[in-house]
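These are the residues of each chain, in order.
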Amino acid sequence: MEQPAMLGGPKAKTVPFGSGKRFGREEADELLEALQQGTLFYHFGEKVKTFLSDFNKLYGISASVAASSGTAALHTALGAAGITVGDEVITSPITDQGTIVGVLYQNAIPVFADLEPHSFNLSPEAIEKKITSRTKAIIAVHLAGNPCRMDEILSIAKKHRLIVIEDCAQSYLAKYKGKLTGTLGDYGCFSTNDFKHISTGDGGIITVNYGSREDYERVHAFADKNYSRFESNVTREPSHLAPNYRMTELQGAVGIAQLKKLPWICRKRNELGTLLTDRLKGLTGITPMEIEENSECTYWFYMFRIDLEELGCTREEFSEFLREEGIPNQAGYIPKPLYLTPLFQRKEAYPGSTFPFHLSDVSYQEGSCPNAEEILKTAIKLPMSEFFTQQDMEETAAGINKAAHYFTCSRRAEKA
Ligand SMILES: *Cc1c(COP(=O)(O)O)cnc(C)c1O
């Protein structure tokens, strides 16, 4: 056993992590073309349209709509689906704030269901327990590119007549039993913010999977003030409220070039993450990310859990050990489940008002999603990049192995 780097031994990481440029000439050329059109409005130019038709081809779907962010995409799906005042929407407590923003702007109420301990995704059984007469939709978040158990979720939705929105902000080209995430629910919502698999600075996409032409037009309108721009029905006199979430031609242009790189990005991340999972299997005190059988995760990041009792250390000690080995990592993901943040604890989405929370008897008590709370206390998050190499993963695994051995051995020595 090598000496820990912490005690002066050699670092597990011997070379810098692979890196690279995500934007190049391709994006610049597309941007120039966008400007030369003389318009940056999505409905008059060709860039957003091309971006979406390329996306549809890649996903094998027939309809999608562009939005200004992932948050906007989710709000658009909810709004177009008719989610309204007092409705309840079940989702994951470990996600980006963007998952629930649209729920509250529709004056609907987020309800959090517990997660599975090692996939970090919604437990279908936990979802079912949260269903009430107010429940209208489920937002299934495929965390870190890991597909949720969609068969079970879709069958619960069918049984209770709920809309299913997939939050795919972190799950480009991830496959659930051979099918792409984002094509399984009623709608799939993607983000192209600067931290996702592909970036247009900010941006979003909504897939419209089973709906009619009217459904597609409703989604399209909701991202554009509920204006209808289709020949069948051009109107600027909306019957209901909707925001302006339009994508510009500049984002569409960058998106066209970025989409061409997406299959490679996702393939690389899947290979690297799968390799790491393989190397972490069976290590004492370590549980790697759990991926559903016959499914493919495209690892937006990598998260694993440590058993503090088995290792006999604190998470901070483990994290620090890894950092000393040259392996950047974060103790945990978001600091708390969403329901423990002040907005939910005080039930105050709008300053000075408890609307819409007081329409429902939902509660946001500590302990209400025990697995989610435990995940956030015992997870270690590693960055992932398509530019990382196999060697990066082997050395990361070696560092984790070294930490696990070090802590379990020193604990055994203490006990002896
Ligand atoms: C990034 C993200 C969002 C929000 O996307 P934005 O483009 O930042 O608005 C929503 N859900 C999840 C799971 C995300 O990771």
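Up top you'll find the structure we're talking about.
Scope of this entry: the structure provided in the associated data block. All residue numbers refer to position in the chain's written sequence, counted from 1. Residue-level local features of this predicted model are given only where pLDDT is at least 70; pairs of side-chain atoms are given and counted only at 80 or more, and the full residue set underlies all totals for whole chains, interfaces and linings. As a convention, hydrogens and water are excluded, and side-chain values are obtained from all of the structure's heavy atoms.

## Concerning the overall build of the chain
Here is step 1: Think of it this way: any DSSP run of H or I at least four residues long counts as a helix, any run of E at least two long counts as a strand, and we number them from the N terminus. Within the chain one finds 13 helices and 13 strands.
Here is step 2: Using C-alpha atoms as the atom set, the radius of gyration is obtained and then compared with a globule rule of 2.2 Å times the number of residues to the power 0.38. For 416 residues, the compact-globule estimate of 2.2 N^0.38 gives 22 Å, and the chain sits close to it at 23 Å.
Here is step 3: Seen through its C-alpha atoms, the chain measures out along the principal axes to roughly 80 × 55 × 40 Å.
Here is step 4: Residues classed as buried in the chain amount to 56% of the 416 residues present.
Here is step 5: At a minimum sequence separation of 6, the contacts of the chain that also span at least 24 residues come to 70%.
Here is step 6: Only carbon and sulfur atoms are counted for the fraction: they give 51% of the accessible area of the chain, which is about 18000 Å². Accessible area is worked out with a 1.4 Å probe on protein chains only. A residue is then buried under 20% of its type maximum, exposed over 50%, and partly exposed in between. The contact criterion used is simple: two residues touch if any of their non-hydrogen atoms lie within 4.5 Å. Per-residue and other accessible areas follow the Shrake-Rupley method at a 1.4 Å probe size, with only the shown protein chains counted as cover for residues.

## Remarks on the nonpolar core
Here is step 1: The biggest cluster of nonpolar side chains holds 74 residues, and the ones touching the most others in it are Phe304 and Phe318.
Here is step 2: Considering every element that reaches this core, the biggest residue donor is helix H13 (residues 390-415), with 6 residues.
Here is step 3: For Phe304, the contacting residues outside a window of four places in its chain are Leu280, Ile286, Thr287, Pro288, Phe318, Leu322, Thr378, Ala379, Ile380, Leu382 and Ile400. Take the buried Ala, Val, Leu, Ile, Met, Phe, Trp, Tyr and Cys residues and link them wherever side-chain atoms come within 4.5 Å; each set so joined is a nonpolar core.

## Some words on the packing of aromatic side chains
Here is step 1: Ring pairs are drawn from Phe, Tyr and Trp, using the six-membered ring of Trp, whenever the two centres fall within 6.5 Å, and their geometry is named by plane angle: stacked under 30 degrees, edge-to-face over 60, tilted for the rest. With the rule as written, the count across this model stands at 24 aromatic pairs.
Here is step 2: Here Phe41 and Phe44 contribute two aromatic rings whose centre-to-centre distance is 4.9 Å and whose plane-to-plane angle is 85°, an arrangement assigned as edge-to-face.
Here is step 3: For Phe44, a relative accessible area of 60% gives the class exposed.
Here is step 4: On the basis of an interplanar angle of 70° and a centroid distance of 5.4 Å, the ring pair of Tyr59 and Phe190 is categorised as edge-to-face. Here Tyr59 is found in helix H2 (residues 47-59), whereas its partner Phe190 is found in strand S8 (residues 187-191), with 131 residues between them in sequence.
Here is step 5: Accessibility expressed as a relative area gives 5% for Tyr59, which makes it buried.
Here is step 6: Residue classification places Phe190 among the buried residues on the basis of a relative accessible area of 0%.
Here is step 7: One aromatic cluster is present, built from ring pairs that chain together Phe112, Tyr339, Phe344, Phe357 and Tyr364.

## Here we look at the sheet that holds S8
Sheets are built from strands paired through backbone hydrogen bonds, the pairs being either parallel or antiparallel.
Here is step 1: Only strands that DSSP links by at least two bridges are regarded as paired with each other. Taken together, 7 strands build an open sheet; the order of strands is S1-S9-S8-S5-S4-S2-S3 and the sheet is mixed. Two strands in the sheet have a free side with no partner beyond their single neighbour: strand S1 (64-67) and strand S3 (109-112). Neighbour to neighbour, the strand axes of the sheet diverge by 25° on average, direction disregarded.
Here is step 2: Inspection of the sheet shows strand S2 (residues 88-91) paired to strand S4 (residues 135-141) by 3 bridges, in the parallel sense. If you follow Val89 over to S4, its bridge partner there is Ala137.
Here is step 3: Working convention: axes come from line fits to C-alpha atoms, limited for helices to the stretch in contact. Angles between N-to-C directions cover 0 to 180 degrees. H2 rests against S1, S8 and strand S9 (204-208) of the sheet, and its axis sits at about 130° to S1.
Here is step 4: Relative to strand S5 (residues 163-167), helix H6 (residues 150-160) is tilted by about 150°, and along the sheet it contacts S4 and S5.

## A look at a nonpolar patch on the surface
Here is step 1: Where nonpolar side chains cluster on the molecular surface, the patch consists of Leu32, Leu35, Leu40 and Leu250 and spans about 330 Å² of accessible area.
Here is step 2: Inspection of the secondary structure assignment puts Leu250 in helix H8 (residues 249-280).
Here is step 3: By relative accessible area, Leu250 is classed as partly exposed at 32%. Patch membership requires over 30% relative accessible area and the absence of a salt bridge. Like charges are linked within 9 Å, and nonpolar side chains (Val, Leu, Ile, Met, Phe, Trp, Tyr) within 5 Å. Take a side-chain nitrogen of Lys or Arg and a carboxyl oxygen of Asp or Glu: if they are within 4 Å of each other, that pair is a salt bridge.

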